[in-house]
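Fold and geometry: a report
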Amino acid sequence: MSNPADYELAPSIAALLKRNEAGLVPAIAQSEQGEVLMMAWMDDHALAHTLATRKGTYYSRSRRSYWIKGETSGHTQEVLGARLDCDGDTILITVRQEGAACHTGDRTCFDSRDLLGGAF
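Computed from a predicted model, the values in this text were never measured in an experiment.

1. Observations concerning the pairing of strand β2 (residues 36-42)
On a regular strand, one side chain projects to one face of the sheet and the next to the other, so that they alternate. Among the 7 residues in β2, 5 count as buried, and that is most of the element. Sheet topology note: the strand β1 (residues 25-31)/β2 ladder contains 6 bridges and is antiparallel. Residue pairing for β2: Ala29 is matched across the bridge by Met38.

Dropping the structure here:
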């Protein structure tokens with residue numbers, strides 16, 4: 001298994017990113033069909049690893065370590081595309097999700113409860 005910390009982001013891509021004070025950028029993973037699956041954090045190494053290996057790779061703020069989606073659960077993400085928003089402060093990853101995207105076992109981390117009071 002490769003270590004995400006060993007990967008360096010291309011300077012041309014790094015120059016486009018606007019990171020938070022911890023050096024992280026939010027990353028939204030969506031399915032090929034456009035369904036929003038999850039949000040996680042990336043730093044330069046996680047993004048570089050994701051782009052190089054085509055495996056969804058993220059940074060855990062609570063564990064202070066990298067994680068590759070599906071490494072322990074088997075619910076992998078094959079990365080099909082990666083884009084930055086217009087401000088460079090959010091990454092959109094299009095993935096082919098195998099199994100659940102959410103750690104709870106659900107397909108998506110976003111449930112059907114509408115915070116305005118109804119259901120979607």
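Read on for the rest.
2. What to know about the side chain of Thr108
With respect to the helices and strands, the residue Thr108 is situated in the segment after β6 (91-97). Relative accessible area serves as the criterion here: at 15%, Thr108 is assigned to the buried category. Here Phe110 takes part through its backbone nitrogen, which lies 3.1 Å from a polar atom of the side chain of Thr108. Those residues in contact with Thr108, other than ones at most four positions away along the chain, are Glu35, Val36, Leu37 and Cys102.

3. Details of the pattern of salt bridges
Summed over the entire model, instances satisfying the criterion amount to 4 salt bridges. For Arg19, the salt bridge identified is with Asp44, shortest N-O distance 2.8 Å. Of this pair, Arg19 sits in the loop between α1 (11-14) and β1 while Asp44 is found in helix α2 (residues 44-53), placing the two residues 25 residues apart along the sequence. Using a relative accessible area of 33% as the deciding quantity, one classes Arg19 as partly exposed. The partner of Arg96 in a salt bridge is Glu32, and the shortest N-O contact between them spans 3.2 Å. Within this pair, whereas Arg96 is found in strand β6, its partner Glu32 is found in the loop between β1 and β2, the two being separated by 64 residues in sequence. Residue Arg96 is classed as partly exposed on the basis of its relative accessible area, which comes to 38%. Here the salt bridges share partners, and the residues they tie into one network are Glu32, Glu78 and Arg96.

4. Topic: the nonpolar core
Formed by 19 residues in total, the largest nonpolar core has its most connected members in Met42, Tyr58 and Ile91. Secondary structure elements with two or more residues in this core: β1, β2, α2 and β6. Element by element, the count of residues in this core is highest for β2, at 4 residues. For Ile91, the residues in contact, after removing those within four places along its chain, are Leu17, Val25, Pro26, Ala27, Ile28, Met42, Leu47, Arg83 and Leu84.

About the thresholds
- Residues numbered from 1 in each chain as written.
- Predicted model: local features only at pLDDT ≥ 70, side-chain atom pairs only at ≥ 80, totals over all residues.
- Heavy atoms only, no water.
- Buried < 20%, exposed > 50% of the residue type's maximum accessible area, 1.4 Å probe, protein only.
- Helix = DSSP H or I, 4+ residues; strand = E, 2+ residues; numbered from the N terminus.
- Pairing = 2+ DSSP bridges.
- Polar contact = N/O pair within 3.5 Å; in protein donor to acceptor, adjacent residues only side chain to side chain.
- Contact = heavy atoms within 4.5 Å.
- Salt bridge = Lys/Arg side-chain N within 4 Å of Asp/Glu carboxyl O.
- Core = buried A, V, L, I, M, F, W, Y, C linked by side-chain atoms within 4.5 Å.

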